[in-house]
Amino acid sequence: MQDYLYTENLAVGYNGRILIDDICLHLRRGEIMTLIGPNGSGKSTILRSIIRQLSPIRGTVYLDGRPMEGMAALEIARRLSVLMTDRVHPELMTCRDVAATGRYPYTGKLGLLTAADWAKVDEALEMVHGEDLAERDFSRISDGQRQRVLLARALCQEPEVLVLDEPTSFLDIRYKLELLSILKDMVRRRNLAVLMSLHELDLAQKVSDCVACVGGGAVTLCGPPEEIFTAASIRELYGAARGTYNPDFGCLELEPPAGPPQVFVIGGGGSGIPVYRRLQRQGVPFIAGVLHENDLDYPVAAALAAEVVSEAAFTPIGEEALQAARMRMDACARVLCPLAAFGPMNEKNRLLRTLAEKAGKLE
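Now for a look at the structure at hand.

The secondary structure content of the protein chain amounts to 13 helices and 17 strands. Over its C-alpha atoms the protein chain spans a radius of gyration of 26 Å, topping by over 25% the 21 Å that the globule rule assigns to 363 residues. Reported as C-alpha extents along the three principal axes, the dimensions of the protein chain are approximately 85 × 45 × 35 Å. Scored against the burial criterion, the 363 residues of the protein chain give a buried share of 48%. For the protein chain, the proportion of contacts with a sequence separation of at least 24, taken over those separated by at least 6, is 64%. Here the protein chain displays about 17,200 Å² of accessible surface, and carbon together with sulfur accounts for 51% of that area. Here the protein chain contributes 40 positively and 47 negatively charged side chains, and the mean placements of these two sets differ by 3 Å.

So, about helix 13 (residues 347-358). Helix length check: helix 13 (12 residues) gives 17 Å between terminal C-alpha atoms against 16 Å at 1.5 Å per residue, within 8%. Within helix 13, burial applies to Asn349, Leu352 and Ala356. Buried residues of helix 13 fall within an arc of 50° about the axis and therefore sit on the same side. As for helix 13, its buried residues are in contact with strand 14 (263-265), strand 15 (286-292), helix 12 (319-330) and strand 17 (334-336). The first or second residue beyond helix 13 is Gly360, which carries a positive phi of 75°.

Here the focus is the sheet that holds strand 10 (residues 210-215). Strand order across the open sheet formed by six strands is 7-8-9-4-10-11, with mixed pairing between neighbours. Whereas interior strands pair on both sides, the edge strands pair on one side only; in this sheet they are strand 7 (80-83) and strand 11 (218-223). Pairwise comparison of adjacent strand axes, ignoring direction, gives a mean angle of 15° for this sheet. Relative to strand 8 (residues 161-165), strand 7 runs parallel, the two sharing four bridges. If you follow Val82 over to strand 8, its bridge partner there is Val163.

Looking now at the sheet that holds strand 17. Taken in spatial order, the four strands line up as 16-15-14-17 in an open sheet, and their pairing is parallel. Each edge of the open sheet carries a strand with a single partner, namely strand 16 (307-311) and strand 17. Taking the axes of each pair of neighbouring strands and ignoring which way they run, one obtains an average angle of 20° across the sheet. Across three bridges, strand 14 lies against strand 17 in parallel orientation. Bridge pairing in strand 17 links Val263 to Arg334.

Cut-offs and rules
Residues numbered from 1 in each chain as written. Predicted model: local features only at pLDDT ≥ 70, side-chain atom pairs only at ≥ 80, totals over all residues. Heavy atoms only, no water. Helix = DSSP H or I, 4+ residues; strand = E, 2+ residues; numbered from the N terminus. Rg over C-alpha atoms; globule rule 2.2 N^0.38 Å. Buried < 20%, exposed > 50% of the residue type's maximum accessible area, 1.4 Å probe, protein only. Contact = heavy atoms within 4.5 Å. Areas by Shrake-Rupley, 256 points an atom, 1.4 Å probe, with all protein chains shown as cover. Lys, Arg positive; Asp, Glu negative; His and termini not counted. Charge placed at Lys NZ, Arg CZ, Asp CG, Glu CD. Expected span 1.5 Å × (residues − 1). Arc of directions from axis to C-beta. Pairing = 2+ DSSP bridges. Axes fitted to C-alpha atoms, helices over the stretch in contact; angles between N-to-C directions.

Structure (structure tokens):
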């Protein structure tokens, strides 16, 4: 499959001053590419230059194999639609009227919509689950509902490429998930190519086919989420000096509490995660163990605990790990054991729990 939208030697910025240089993005139909990076890194500048709201300082943007600079505005509007962060404040317009403005590239000089055009409008509203909003005043609906209507407007253009700048800004979690689910569905059903920017790393990791990292005046990395979302790459991109990024859960973790460990946590199978986070919030240093290195608890414990006593994956807890855990548990004043189930692989954790109970440390 060929690239439908791509850039070649693109340099963007303001007043002749280059902000980001040598941008080479390649997007195919049926794919979502997401730009991530710190505030002010230039994600919006790249998008605005691609859609020609800003003039590129150098280089070329290609749409369906043709340079966009040589294409008429009407032709571009029939192939590419845009949903930017600019707030839209139309007066005395219903949601159906706002969505209908997406049909204007097809209406001719008089701007009159035919019955077929209105059918396209209603179809687009149905796609974004906005039928019940059609006759409501656009100025009197929620931000999440407005984003759905504006997405319907973009779909009314029947585009082959959709460009969105932080489409989930100002939305609560329900509408973030709803909007991105609709978008993903449209990519599959209409074979759209989608280029957007997002601040929410967890959502970008889940919805994107390709991710481009923007920072330090360049697109530093570009590839599938599995390659981009690593603790090291996210730390470097955002210059994070404290805390960590957890690629397994797609979330940020704060740094461990300082000081000598006070609590030993016997966890596993996800049971320890809420305990680790509670102790971190309370500023209580702790040790976690014995955890298998493939255990659900392990990456969170590694981020938040002062130390993790571990055992190799798919291996019963051995005597060495048991003794290491026992020594560290003896040095702690308290023991917590959220783990409820024990079996052949973690039987020695049951022994640790029994020892803690006998010592009067178990809570």
